[in-house]
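Survey of secondary and tertiary structure
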Amino acid sequence: MTTILGSRSLTFDTIEPGAGLSAALRKAPGDVLAEIGESGLRGRGGAGFPTSVKWSLAAEAESDQKYVVCNADEGEPGTFKDRVILSEYADLVLEGMTIAARVIGAARGLIYLRAEYAYLRGHIDEVLQRRRRQGLLGKAVGGREGFRFDVEIRMGSGSYVCGEETALIESLEGQRGEPRNRPPFPIDTGYFGRPTIVNNVETFAWVVCILAKGAGWFNSRGTEQSTGPKLFSVSGDCRRPGVYEFPLGVTIAELLREVGGEEAKAVQVGGASGQCLPRAKFDRTIAYEDVPTGGSIIVFGPQRDMLDVAHNFLEFFADESCGQCTPCREGVPKLIEGVDMLKRGQCSMAYLNELCSLGETLQLASKCGLGQSAPNAFLSIARDFRDEILGRTPEPRRTGDDP
Amino acid sequence: MLVTERERLREELVRLADEHGRDRSALIPILQEVQRRWLRISPYCMQAIADLLDLHPVEVYSVVSFYDFLEDKPQGQFVIRLCRTITCDMFGKAHVARQLENDLGIKFGETTPDGKFTLQWAHCLGMCDQGPAMLVNDQVFTRVTPESIHGILAQCRETFGVHAVSDGKGPAR
């Protein structure tokens, strides 16, 4: 049960403890924001919203109480880099949260840790205690009078949709984790109606790197619209699965070479909510403007059945749908029925087209990101693997299969 | 439930509410603690918590029914959650699932008659590079094989107490 790092060393290893925070404390909050803006950092959870924009909106919002929330509800299938960051580099995350608190003027931080990672809680608690003793959290952070900030851990209870920022806030407030309508956005109406920023674990860690190494160091990597390095969780049919650091803009072929997955017939980029790319598209780049990802890369070898993949992901969404809106609640089970028909070899081309159009309806009409992205994998498989999925002869069920 | 038992339970819940506070954001931490200690959140508990936090009991039930890790039905001392995500599937999840059912004598979603084990599916446990993965309460097991299950279950049976297996430090390096 070791933490497997594919890359021999990550940028995070080269950051001196406290370097980012002390750089941030030497500057005015506005200058810190400018530095992050110049770096071009975009949210590392997958959506890719510019971090500096989010923070500046929260900084401008007027309120007696603001909140910094770290989204550690890493539930996207195939993603595990946040687990590694929290177990190996928890200090960087807390330092990034402290910098965020300084920038937006927050006194309280919350880490929303998913229930499945409860075993990390003790470790994060220890780091929190140590930082309090070191004066890096508490009444006068870093010796600055008037800069009060502390962080508490809140546990999730096993719900994927709580990774969506408004659902996460609902859950923090003690409600069912049902996404809210946006706007209003959390930056002005967040936790208990107060301005709140919700950022991914990895985003906070990169903020520290940017302040320690400079915006120029960061934005000289990656592409123009997707700057900087990013961590990737690589799993599936490759010889060296694990956590890797690559600059954004890396092609899928390059990535596969590095992880030992050259034989792949398809790669799922972005987890269950991402898309499945066939061999012919391995020259595509992983970047917000091309193929976006929160870091999940699942490699499928030539022996894998793409309908199993589509089925697995759709079942996941059917189970995790909160049931609020009709397209997601009713649409996903229909797509599963469709995949079953394809498996039995009983799906006409006309019906497959109907299913694809249903998928597009889900993308357009669902209320939150879960429903909007639920059909992605199915649609990309239905588009790019037609020869494989159409006209099958039925197979007997495997023993021990899911119900 | 005996009246005295109920009174004792209510006292414990008052203590929990004193510790976590009585505003709405305290609800889930209280429910998590109840789940951990009594292995379920009974209708009586929901009513008592609703009284303490000044909520309608339906509000409490709606939260309990929403989250996978909160249960109104009694759970086993050890809740086993096997990851059903595609990567674990690709590396032998089906065999592990079958063997878990064989060794425990129950199906997924059920609890053993002695109240020791509950078997459930989980979504991605974030161990995709080391699958198949499963959680036993808070502890994570990776690269589980059908053969290794017997040893894991034996370890649970030998451990006295509900959460004795969790050392709070995360998986050993």
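Definitions and cut-offs
- Just so you know, the residues in each chain are numbered from 1, in the order the chain's sequence is written.
- Each chain is given a letter, starting from A, and each ligand a number, starting from 1, according to the order in which they appear as written.
- Totals for whole chains, interfaces and linings use all residues, but because this is a predicted model, local features are given only for residues with pLDDT of at least 70 and pairs of side-chain atoms are given and counted only at 80 or more.
- Side-chain descriptors were evaluated using all non-hydrogen atoms of the structure, hydrogens and water having been removed beforehand.
- Any two rings among Phe, Tyr and Trp, with Trp reduced to its six-membered ring, count as a pair given centres within 6.5 Å; such a pair is stacked if its planes are under 30 degrees apart, edge-to-face if over 60, and tilted if neither.
- Burial here depends on accessible area, computed with a 1.4 Å probe over protein chains only, as a share of the maximum for the residue type. Under 20% is buried, over 50% is exposed, and the range in between is partly exposed.
- Geometrically, a lysine NZ or arginine CZ counts as sitting over a ring once it is within 6 Å of the ring centre and also within 35 degrees of the ring normal.
- Secondary structure elements are defined from DSSP: runs of H or I of at least 4 residues count as helices, runs of E of at least 2 residues count as strands, and each element is numbered from the N terminus.
- Polar contact is defined as a pair of N or O atoms within 3.5 Å, subject to the rule that within protein one atom must be able to donate a hydrogen and the other to accept it, and that residues adjacent in sequence are counted only when both atoms are side-chain atoms.
- Residues count as neighbours in contact if any of their non-hydrogen atoms are within 4.5 Å of one another.
- The criterion for strand pairing is that DSSP finds at least two bridges linking the strands in question.
- Every axis corresponds to a line fitted to the C-alpha atoms, with the helix fit spanning only the stretch in contact, and the corresponding angles, defined between N-to-C directions, vary from 0 to 180 degrees.

As a further point, take the packing of aromatic side chains. Within the structure shown, the criterion is met by 16 aromatic pairs over all chains. Centre to centre, the rings of B:F66 and B:Y67 are 4.9 Å apart; their planes meet at 75°, and the pair counts as edge-to-face. Here B:F66 and B:Y67 have matching classes, each one buried. A network of ring pairs unites the aromatic residues A:F12, A:Y89, A:W206, A:W217 and A:F218 as a single cluster. The ring of A:F147 carries the charged tip of A:R102 above its face, separated from the ring centre by 5.7 Å. The ring of A:Y117 carries the charged tip of A:R114 above its face, separated from the ring centre by 4.9 Å.

Turning our eyes to something else, we now look at unusual backbone geometry. Trans peptide bonds make up most of the peptide bonds, and negative phi angles are found at most residues other than glycine. Residue and element names in this part refer to chain A. With an omega of 0°, the peptide bond running from P183 to P184 counts as cis. For P184, the position within the fold is in the loop between α7 (165–172) and β4 (196–200). Positive phi values are uncommon outside glycine, yet F192 reaches one of about 50°. Tracing the backbone shows F192 in the loop between α7 and β4.

Our next topic: the side chain of A:R114. With respect to the helices and strands, A:R114 occurs in the loop between β2 (108–113) and α6 (121–133). For A:R114, a relative accessible area of 4% gives the class buried. A polar atom in the side chain of A:R114 sits 3.0 Å from the backbone oxygen of A:E74. Leaving out residues up to four positions away in the same chain, A:R114 has contacts with A:A72, A:D73, A:E74, A:G75, A:M155, A:G156, B:H123, B:C124, B:L125 and B:G126.

So, on to the sheet that holds strand β3 (residues 150–155) of chain A. Residues and elements named next belong to chain A. Pairing in this open sheet of four strands is parallel, and the strands run β3-β2-β1-β4 from one edge to the other. In this open sheet, the two edge strands, each paired with only one partner strand, are β3 and β4. The average undirected angle you get between the axes of adjacent strands in this sheet is 20°. Where strand β1 (residues 67–72) meets β4, five bridges bridge the pair, whose relative direction is parallel. When the sheet's bridge partners are listed, C70 is paired in β4 with N199.

A word on the pairing of strand β6 (residues 242–247) of chain A. All names here are of chain A. In terms of residue burial, β6 counts as a mostly covered element, since five of its six residues are buried. Two strands pair when backbone bridges link them, and strand β5 (residues 229–236) and β6 are joined in this way by six bridges, in the antiparallel orientation. When the bridges of β6 are listed, P229 appears paired with P247. Between the antiparallel neighbours β5 and β6 lie five residues.

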